[in-house]
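Descriptive structure summary
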Amino acid sequence: MHRRSLLAAAGAGLALPALRPAAAQGTTPLRFALDWALQGNHAMFTIAEARGLFRDAGLAPRIDRGFGSGDTVVKVASGAYDLGYAEVSAAVKFNAENPERRVVCIYPVLDRTAAAVITVKGRGIAALKDVAGKRLGAPEGEASRVLFPTFARAAGIDAGSIQWSSMAANLRDTMLARGQVDAVTGFLFTTHFNLLAAGVQEEDILAWPYAENGLDLYGSGIIARADWLEKNPQAASGFVRGCVGGLKLLLAEPDAAMESVKKREPLFDVALEKRRWAMTRDRCILTPTVREHGTGHLDMARAEALVRANAEAYGLQNPPGAESLFTDRFLPPAAERRLV
């Protein structure tokens, strides 16, 4: 489907199942789209709602599942949703092509992207450099695959030697488990647990996150359309404050946070999602930067690096400026964002 068609469809308000009741009297309703189906790291939003953190800010967000970061960006940009949770890299190309519908990251939740190269033992890949000349699999257009040439340059890998296989996202990790590809690119905390579900032993999974191997970019964060932010600064600030509070609760009370998701999604696997959350926490959230400065700390040099990496990957001649994609205007004071 063409981008204009996607925007038109999203603007028409394609309905998704709401994950909370209608707004309480005296609160401002918001529409909030996740990046994917409910996972452990999303518990920061559900426990914030359950404990009344959004209500205390005068807000009543409806939390809907997502269908990929790119789709979330389009739906927020169209106005179908007020806010979204998405990989910030997904917004670079969109903003370059749609400046009148520009989205802005107002809170980078994942201080490091979860993008990674993942394989299993027995494929001839014992170190990252061994990926050269191998068969890699990923959906065409998926963010980690698009960024791979930039990552490969940073990691000293000959990207031209890679043989790519394209497949649907739901088949990628199964194909790796079956030996149909030698390695894949994707989100570490997604592929790792998909491989376990496919019968791969945990000790046989090998992974090299981009952020730990030369391409240290921001990951997923809260996004909103620029013109919506100008009209609703108080709602934006209140929502971010609720999210920060939810993240603190998730860190302090992971069991309660997981149960807040389970109440919304009966098939939610609490034990597995606690493990997924722990990996996300340790690899993408509690980074040295966050330990020093608090969650959401905005380093414009890193923001510029993210734009450059995506501009190179997509061949953008006029990429958006980092200052047009990131802002710390809606973050609470640093003292309130301390996690450790």
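Residues numbered from 1 in each chain as written. Predicted model: local features only at pLDDT ≥ 70, side-chain atom pairs only at ≥ 80, totals over all residues. Heavy atoms only, no water.

Attention now goes to the side chain of T46. With respect to the helices and strands, T46 occurs in helix α2 (residues 43-50). Given the relative accessible area of 1%, T46 is considered buried. Once you skip the residues sitting within four places of it in the chain, T46 turns out to touch L38, A257, S260, V261 and R264. (Helix = DSSP H or I, 4+ residues; strand = E, 2+ residues; numbered from the N terminus. Buried < 20%, exposed > 50% of the residue type's maximum accessible area, 1.4 Å probe, protein only. Contact = heavy atoms within 4.5 Å.)

Counted by the stated rule, this structure contains 9 aromatic pairs. Ring centres of F32 and F45 lie 5.0 Å apart, and the angle between their planes is 70°; this geometry places the pair in the edge-to-face category. Taken together, the positions of F32 in strand β1 (residues 28-33) and F45 in helix α2 put the pair 13 residues apart, joining distant regions of the chain. On the basis of relative accessible area, F45 is assigned to the buried category, the value being 0%. When the centroid spacing of 6.2 Å and the interplanar angle of 65° are considered together, the rings of F148 and F151 count as edge-to-face. (Phe/Tyr/Trp six-rings, centres within 6.5 Å; stacked < 30°, edge-to-face > 60°.)

Considering the arrangement of structural elements, one finds T185 in strand β8 (residues 183-187). At 3.3 Å, the side chain of T185 and the side chain of S144 are in polar contact. (Polar contact = N/O pair within 3.5 Å; in protein donor to acceptor, adjacent residues only side chain to side chain.)

Okay, helix α13 (residues 270-285) next. Considered for burial, the residues of α13 that qualify are E273, R276, W277, M279, T280, C284 and I285. Looking straight down α13, one finds that the buried residues subtend no more than 165° of arc, so they occupy a single side. Buried residues along α13 sit in contact with α9 (188-197), α11 (233-252), α12 (254-262) and α14 (288-293). Two or three places before A271, at the opening of α13, D269 has a side-chain oxygen 3.3 Å from that residue's backbone nitrogen. (Arc of directions from axis to C-beta.)

Take the pairing of strand β4 (residues 103-108) next. Summarising burial for β4: 6 of the 6 residues are buried, a large majority. With 5 bridges joining them, β4 and strand β10 (residues 220-225) adopt antiparallel strand pairing. Bridging across to β10, Y107 finds its partner in I222. (Pairing = 2+ DSSP bridges.)

The contact between α11 and α12 brings their axes to 5 Å, and the two run at 115°. Contacts between α11 and α12 involve L249, L250, L251 and A252 from the first element and P254, A257 and M258 from the second. Per-class residue counts for the contact of α11 with α12 are 7 nonpolar, no polar and no charged. (Axes fitted to C-alpha atoms, helices over the stretch in contact; angles between N-to-C directions. Nonpolar A, V, L, I, M, F, W, Y, C, P; charged D, E, K, R; others polar.)

So, about the sheet that holds strand β5 (residues 115-120). Read from one edge of the open sheet, 5 strands run β7-β6-β8-β5-β9, paired in mixed fashion. Each edge of the sheet is formed by a strand with only one pairing partner; in this case those strands are β7 (163-165) and β9 (205-209). Across the sheet, the mean angle separating the axes of adjacent strands is 30° when strand polarity is ignored.

Turning our attention to the nonpolar core. In this structure, F32, F45, L83, I106, Y107, I222 and F239 are the most contacted members of the largest nonpolar core, which totals 62 residues. Counting residues per element, this core draws most heavily on α11, at 9 residues. Excluding residues that lie within four positions of it along the chain, L83 makes contacts with L30, R31, F32, A33, V76, I106, I222, I223, A224, W228 and F239. Counting residues in each nonpolar core, the second largest holds 44 residues, with Y81, V88, Y218 and A322 among its members. (Core = buried A, V, L, I, M, F, W, Y, C linked by side-chain atoms within 4.5 Å.)

Attention now goes to the pairing of β10. Most of β10 is tucked away, with 6 of its 6 residues classed as buried. Alignment of strand β3 (residues 83-87) against β10, held across 5 bridges, turns out to be antiparallel. Note that in β10 the partner of Y85 across the bridge is I222.

To continue, consider the sheet that holds β1. If you trace the 5 strands from one edge of the open sheet to the other, you get β2-β1-β3-β10-β4, paired in mixed fashion. Whereas interior strands pair on both sides, the edge strands pair on one side only; in this sheet they are β2 (59-64) and β4. For this sheet, the mean inter-axis angle between neighbouring strands, taken without regard to orientation, is 30°.

To continue, consider the environment of E203. Checked against the element boundaries, E203 lands in the loop between α9 and β9. Using a relative accessible area of 52% as the deciding quantity, one classes E203 as exposed. Along the sequence, E203 and V120 sit 83 residues apart, while their C-alpha atoms lie 8.8 Å from each other.

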